Amino acid sequence: MSTRIRQISTFLNQWAPPKVKMDYDNVGLLVGDPNAQVTSILTCLDVTDSVVAEAIETGCELIVAHHPLIFSKIGSINPTDEQGRIIYKLIKNDIGLLVAHTNLDAALDGVSFVLANMLGLDNLKFLDKNYSISRKIRLITSHKDSDAVLKLLNYHSAEEAHHFDVNSREDGLKCFEAIIDQHNVSVLKKALNKEGMLKEGSFQVIDLASTSQNFGMGVLGEYPEEGIGKNEFLHLVSKALNVKAIRYSGDVDRIKSVAVCGGAGVFLKNKAIAAGAQALVTADIKYHDYFTEADDFLLLDVGHYESEFPVAEALKNELSEAFEELTVSVTRTVTNPMQVYVSEPEPKTIQPS
């Protein structure tokens, strides 16, 4: 059976639901036919002319990217500017473009989790669980197979699912309760209706004050035992991310707990300090943000591309595992527009004694 773009989109939406994206963002299928057949996928961070040329050369029908090619409304599509040229080539060569951006930043095992794994951190958890999207659902059913109802709830990522008998004039009624993220509610209700598991008017959705366990920003992790020294940590980060030069501020003897956020994450600095982290690894730090009153704390800027590019490999791995019939590869094109010049030390002239 052939694989369609809509199936890839559905898979990504389950991992990184579009509804958790930032308001300014643009994610999902930006170019292409959802019913188009796919045999080969190229994953990348940025969609550039060179990346599209690579997709054409390798016969890929779909590009899965982290950064959106289209942020705002466009008035025309023609090859007279870079964006128009890229979109024109995608359409002309029947290549779809699927994007997961801030929704993948916020997802469990998303961008920051990938970065934390690259740095060898253990016991990972969200640094800031600021997504109030969890809902409590309550449904009443006369369906005799309680296990079947629970199975359907679990399939739609419901948590803490349980049931109890309902005292009613109608015998055999059961009430099921569970916690579920908002974007899964309507899909679950349709599935319950389809299976005949709902009584009319028996489905309630209740807002919760608590935040979702499945979405957040930034990740907190730790190194084993007593942690590692400052220079060892800087060297580890440099090698893990292939960074020639790291901008940082602060000082610390040993590092046990580390916070990370792929991309521009300095807004999490105070959260990291409050959580007891000895370092925050992120990117795009402005000058004044390097100042911090905290003792024993390092603030590292490893570069936007460097902190996020590992997610292209993670996308490839997830898609390869979910769709074994497809060929999935990571772009060979380096799309980082920033370059670093590292000056060689000038040789010292030895003065004769």
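As annotated in an unreviewed UniProt entry, the chain carries the name GTP cyclohydrolase 1 type 2 homolog and is attributed to Gracilimonas sediminicola. Heading Subunit (unreviewed entry) of the UniProt record for the chain holds this comment: "Homohexamer." The chain has a UniProt comment under Sequence similarities (unreviewed entry) that states "Belongs to the GTP cyclohydrolase I type 2/NIF3 family."

### Considerations on the overall build of the chain
Looking only at helices and strands, one finds 11 helices and 19 strands in the chain. Judged by the C-alpha coordinates and their principal axes, the chain covers about 110 × 55 × 35 Å. Out of the 353 residues in the chain, the part that is buried amounts to 49%. Put simply, 71% of the contacts in the chain that link residues at least 6 apart link residues at least 24 apart.

### Some words on the sheet that holds strand S2 (residues 28-31)
Pairing is mixed in the open sheet, where 5 strands are placed in the order S2-S6-S5-S4-S19. Each edge of the sheet is formed by a strand with only one pairing partner; in this case those strands are S2 and strand S19 (327-330). When strand polarity is set aside, the average angle formed by the axes of neighbouring strands in this sheet is 25°. Along the sheet, helix H1 (residues 5-15) contacts S2, strand S4 (40-44), strand S5 (62-65) and strand S6 (96-99); its crossing angle with S6, the most-contacted strand, is approximately 10°.

### Notes on the UniProt feature "binding site: a divalent metal cation" (unreviewed entry) in the chain
When the UniProt feature table is mapped onto this chain, "binding site: a divalent metal cation" (unreviewed entry) is found at His66, His67, Asp105, His304 and Glu308. Despite a sequence span of 243 residues, these residues sit close together in the fold, their greatest C-alpha distance being 12.9 Å. When you line up the elements, histidine 304 lands in helix H10 (residues 304-308). You can call histidine 304 partly exposed: its relative accessible area is 24%. Setting aside its immediate chain neighbours within four residues, histidine 304 contacts His67, Gly263, Ala264, Ala283 and Asp284. Side chain to side chain, histidine 304 and histidine 67 meet in a polar contact 3.4 Å long. As for its position among the elements, glutamate 308 is in helix H10. Once residues lying within four places of it in the same chain are set aside, the contact partners of glutamate 308 are Leu45, His66, His67, Asp105, Val111, Gly262 and Gly263.

### Describing the packing of aromatic side chains
Given two aromatic rings, their pairing is described by the distance between the two centres and the angle made by the two planes. As enumerated under the stated definition, the model contains 6 aromatic pairs in all. Here the aromatic rings of tyrosine 223 and phenylalanine 233 are separated by 6.3 Å at their centres, their planes lie at 70°, and the arrangement is edge-to-face. Taken as a pair, tyrosine 223 in the loop between strand S12 (217-222) and strand S13 (228-229) and phenylalanine 233 in helix H8 (residues 230-241) lie far apart in primary sequence, 10 residues in all. Comparing tyrosine 223 with phenylalanine 233 shows no difference in burial state: the two are buried. Geometrically, the ring pair formed by tyrosine 287 and phenylalanine 291 is edge-to-face, given 5.5 Å between the ring centres and 80° between the ring planes. Each member of the pair tyrosine 287 and phenylalanine 291 is classed as exposed.

The rules behind the values
Residues numbered from 1 in each chain as written. Predicted model: local features only at pLDDT ≥ 70, side-chain atom pairs only at ≥ 80, totals over all residues. Heavy atoms only, no water. UniProt positions renumbered as here; feature names shortened; annotations may be inferred. Helix = DSSP H or I, 4+ residues; strand = E, 2+ residues; numbered from the N terminus. Buried < 20%, exposed > 50% of the residue type's maximum accessible area, 1.4 Å probe, protein only. Contact = heavy atoms within 4.5 Å. Pairing = 2+ DSSP bridges. Axes fitted to C-alpha atoms, helices over the stretch in contact; angles between N-to-C directions. Polar contact = N/O pair within 3.5 Å; in protein donor to acceptor, adjacent residues only side chain to side chain. Phe/Tyr/Trp six-rings, centres within 6.5 Å; stacked < 30°, edge-to-face > 60°.

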